[in-house]
Structure formats: C-alpha cells, structure tokens
Amino acid sequence: MSSDLSFFLLLLTDGVLVGLMYSLIAMGFVLVYKATDALNFAQGEFVMLAGIVAGAVSAWAANFWVAAGVTILTMVLFSFALERVVLRPLVGRPVIAVVMATIGLAAVIRGVAPLVFGSGIGTIPLPFDDTPIFFGPLMIPPVQLAGAVVSIIFVVAFTWLFARTRVGIALRAVADSQMIAMGMGINVPLYFAYAWALAGIVSAIGGVFWGSLLGVDNQLALIGLKVFPVVILGGLDSVAGAVIAGVLIGIIENITAGYLDPYLGGGTKDLVPYVIMIAVLMFRPHGLFGKKTIDRI
C-alpha cells in the first residue's frame, strides 16, 4: 500500500472515531431540544463538570468503574436538581428564557467547579491498555475506539426511546407544545426532568471519554462549542443526524487539517467546522435530518 493511501486511510479512520465521540456530546444538545424546544448552551460545561468529577473520584478511588458510576449518578442528580430549582419555574415561558438560563448556568459551572474540585489538570485512567491498536497501516487509540462503540450504543438506545416508548412520545409532545401537552394530561415538569437526566448521562459518558483523551480541566468545556457545528449540520431534533453529522465533521476536519495545515500553518481543524455551520444556516437551517418547520402568518 502506498504511503499516500496509508496517510489518507489514517486520517479517515481517525476522523470517523473522533466524529463518533463528537456525536456523543451532540446527543446531549438533541435530547434537551427534542424535549424542551430550547438549546442547552451549558452542554460543554456539563461535560467539563462530569470530567472533573470523574478525575477527582479516580484520584481518590483509583478505579475507573467506580469513577464512571459516581460521575453518572452525580450528573443525573445534578440534572434533576437543576430542572427542579432553575428550569421548572420556566415551564410555559418563552423558549428564550430557558436559553438565557442555560447561558447563565454555564458561567456558574465554569466558576464553581474549579473552586470545589481544584483547578489543576486531572486524569482519568482507563480500564484497558492505552497502547494503540494496529490494523495494517491504521493506528487506532483504544479510547477513541471505546468512545465510538459507546456512541453507537447510545444512538440506537435513544432512537428506540423516542420512537417506541411512551416516555419518548411524551417527550416529543412536550417539545411540540408545552401548553397543549399539559392540557392532554402530560406531566410536563416530570418529562423535563427526564430529558435533563438523559442529557446528564450523556454528558457523564462524554466527560469520562473526552477527559481521558484530553485531560480534565476547565478548558474541557470548549468541547461544547466544538460540537455545535455537528448539531447544526445534523439537525437539532435528530439523534441519528447527530451521529452522521459528527462523522462527517470529524472526517472533513481531519482530512483538511492533514493536507492543508502544512501549507497554511495550522488551524484548519478549528476553522472548517464553523464554515460548514455557517453554510448550513444560510442554505439549509434545519440541517440534514432536522424537522423543517413552517410558520404561517
């Protein structure tokens, strides 16, 4: 196999794996939007908080599974508390109220989490060897492979949840109209809590894997902005779209960086996703798989 083809396949494989890890975070955006019709601009901070908790527990217990379990439980309880204290009073209010609340929440988490858990860079040890796996010319980091597998499992589970269960159907009804859902007897605050708890679980898993890959500090919150083009491209209300868009963004940014960075001096990987996002907002604002809405005047 030629070196050029090997290099391309290496970029392609890495792009797919990183893209699937992007989609895990993107699903947090989608879950909240499908249930509340509002964007959670604190999703990156959720991931950061989960990573910090996982790093702190890992340093104390020196066991990955204990750290992962405590992190998931912490994020579910945090999400329930957040919904009860901050978001429940906003039920029935304009969507912008929830959006502004999440922006304020993001600032609070960024400030409080380092005060409670410390501002140093933490690590999350994995329960398997971190030696790269070689398939011919391909080199696959185990953490990326594990993150990709978990992402696929979650997308299948959430697709089934929204399509086949009473909880999923109720969540979709709440997103369409909170007031009508209340009138039909749906307990809107309860399903709000379910949606935020699911987002907390996704954030916990994402925080563990991305924290293992990048290290744990308050800069981990930037993964939320990094994933935003994935959400826009896939469609705000499509779980499958989040996965497909994540893979596309991962491949495109990896290949463009691999071939253009030597000539441009770097930065292509950070630029290209946002160029794609702007183009999507201009020409297909509902994304590749999002629901197209028509407002009649």
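Further up the page is the structure itself.
So, here's what we can say about the structure. The structure displayed is predicted, hence computed values, not measured ones.

## Describing the overall build of the chain
Here comes step 1: From N to C terminus, the chain includes eleven helices and two strands.
Here comes step 2: Going residue by residue from the N terminus, the α and β elements of the chain occur as α-α-α-α-β-β-α-α-α-α-α-α-α.
Here comes step 3: Taken over the C-alpha trace, the chain has a radius of gyration of 19 Å; the compact-globule value for 297 residues is 19 Å, and the two agree within 12%.
Here comes step 4: Across its three principal directions, the C-alpha atoms of the chain cover 65 × 50 × 35 Å.
Here comes step 5: Within the chain, the fraction of its 297 residues that count as buried is 51%.

## What about the pattern of salt bridges?
Here comes step 1: Under the definition given, this model contains three salt bridges.
Here comes step 2: Note that Lys226 and Asp270 form a salt bridge whose closest N and O atoms lie 3.2 Å from each other. Taken together, the positions of Lys226 in helix α9 (residues 223-234) and Asp270 in helix α11 (residues 268-283) put the pair 44 residues apart, joining distant regions of the chain.
Here comes step 3: Judged by relative accessible area, which is 14%, Lys226 ranks as buried.

## Re helix α4 (residues 95-117)
Here comes step 1: The first and last C-alpha atoms of α4 sit 32 Å apart over 23 residues, in line with the 33 Å expected at 1.5 Å per residue.
Here comes step 2: Looking at the buried positions of α4, the neighbouring elements they touch are α2 (43-61), α3 (64-87) and α8 (188-214).
Here comes step 3: Backbone geometry just after α4 places Gly118 at a positive phi near 95°.

## Quick notes on the environment of Lys226
Here comes step 1: Sequence separation between Lys226 and Gly258 is 32 residues, and the spatial gap between their C-alpha atoms is 18 Å.
Here comes step 2: Excluding its chain neighbours within four sequence positions, the residues that come into contact with Lys226 are Tyr22, Glu253, Lys269, Asp270 and Tyr274.
Here comes step 3: At a separation of 3.2 Å, a polar atom in the side chain of Lys226 contacts the side chain of Asp270.

## Here we look at the side chain of Glu45
Here comes step 1: Mapped onto the secondary structure, Glu45 falls in helix α2.
Here comes step 2: Looking at Glu45, the relative accessible area reads 6%, which means it is buried.
Here comes step 3: Those residues in contact with Glu45 that lie beyond four places of it in its chain are Ala106, Ile109, Arg110 and Ala221.

## Some points on the packing of helix α10 (residues 239-264) against α11
Here comes step 1: In contact at an axis separation of 8 Å, α10 and α11 are set at 130° when each is read in the N-to-C sense. It follows from the interaxial angle that α10 and α11 lie oblique. Along this stretch, α10 crosses α11, giving a crossing that reads as right-handed. Within the contact between the two elements, α10 uses Ile249, Ile252, Glu253, Asn254, Thr256, Ala257, Leu260, Asp261 and Leu264 and α11 uses Thr268, Lys269, Val272, Pro273 and Ile276.

## Some words on the packing of helix α1 (residues 3-36) against helix α5 (residues 142-164)
Here comes step 1: Interaxial distance between α1 and α5 falls to 8 Å at its minimum, and their mutual angle equals 35°. Here α1 runs over α5; the crossing is left-handed. Together, Asp14, Leu17, Val18, Leu20, Met21, Ser23, Leu24, Met27, Leu31 and Lys34 of α1 and Val143, Gln144, Leu145, Gly147, Ala148, Ser151, Ile152, Phe154, Val155, Phe158 and Phe162 of α5 make up the contact between the two elements.
Here comes step 2: Considering only residue class, the contact of α1 with α5 consists of 15 nonpolar, four polar and two charged.

## Brief notes about the packing of aromatic side chains
Here comes step 1: Here the structure, examined in full by the defined rule, presents nine aromatic pairs.
Here comes step 2: Taking 5.6 Å as the distance between ring centres and 75° as the angle between the ring planes, the aromatic pair formed by Phe46 and Phe78 counts as edge-to-face. With a gap of 32 residues between them, Phe46 in helix α2 and Phe78 in helix α3 connect regions that are remote in the sequence.
Here comes step 3: An aromatic cluster is built from Phe29, Phe41 and Phe228, whose rings are joined through pairwise contacts.

## Thoughts on the nonpolar core
Here comes step 1: Grouped together as the largest cluster of nonpolar side chains are 91 residues, with contacts concentrated most on Tyr22, Met27, Phe46, Phe154, Phe158, Trp210 and Val227.
Here comes step 2: Looking at which element gives the most residues to this core, the answer is α1, with 15 residues.
Here comes step 3: In this view, Met27 contacts Ser151, Phe154, Val155, Phe158, Val202, Val239 and Ala242; residues no more than four positions away in its chain are not counted.

Cut-off values and rules
- Residues numbered from 1 in each chain as written.
- Predicted model: local features only at pLDDT ≥ 70, side-chain atom pairs only at ≥ 80, totals over all residues.
- Heavy atoms only, no water.
- Helix = DSSP H or I, 4+ residues; strand = E, 2+ residues; numbered from the N terminus.
- Rg over C-alpha atoms; globule rule 2.2 N^0.38 Å.
- Buried < 20%, exposed > 50% of the residue type's maximum accessible area, 1.4 Å probe, protein only.
- Salt bridge = Lys/Arg side-chain N within 4 Å of Asp/Glu carboxyl O.
- Expected span 1.5 Å × (residues − 1).
- Contact = heavy atoms within 4.5 Å.
- Polar contact = N/O pair within 3.5 Å; in protein donor to acceptor, adjacent residues only side chain to side chain.
- Axes fitted to C-alpha atoms, helices over the stretch in contact; angles between N-to-C directions.
- Parallel < 35°, antiparallel > 145°, perpendicular 65-115°, else oblique.
- Left-handed = near helix turned anticlockwise from the far one by under 90°.
- Nonpolar A, V, L, I, M, F, W, Y, C, P; charged D, E, K, R; others polar.
- Phe/Tyr/Trp six-rings, centres within 6.5 Å; stacked < 30°, edge-to-face > 60°.
- Core = buried A, V, L, I, M, F, W, Y, C linked by side-chain atoms within 4.5 Å.

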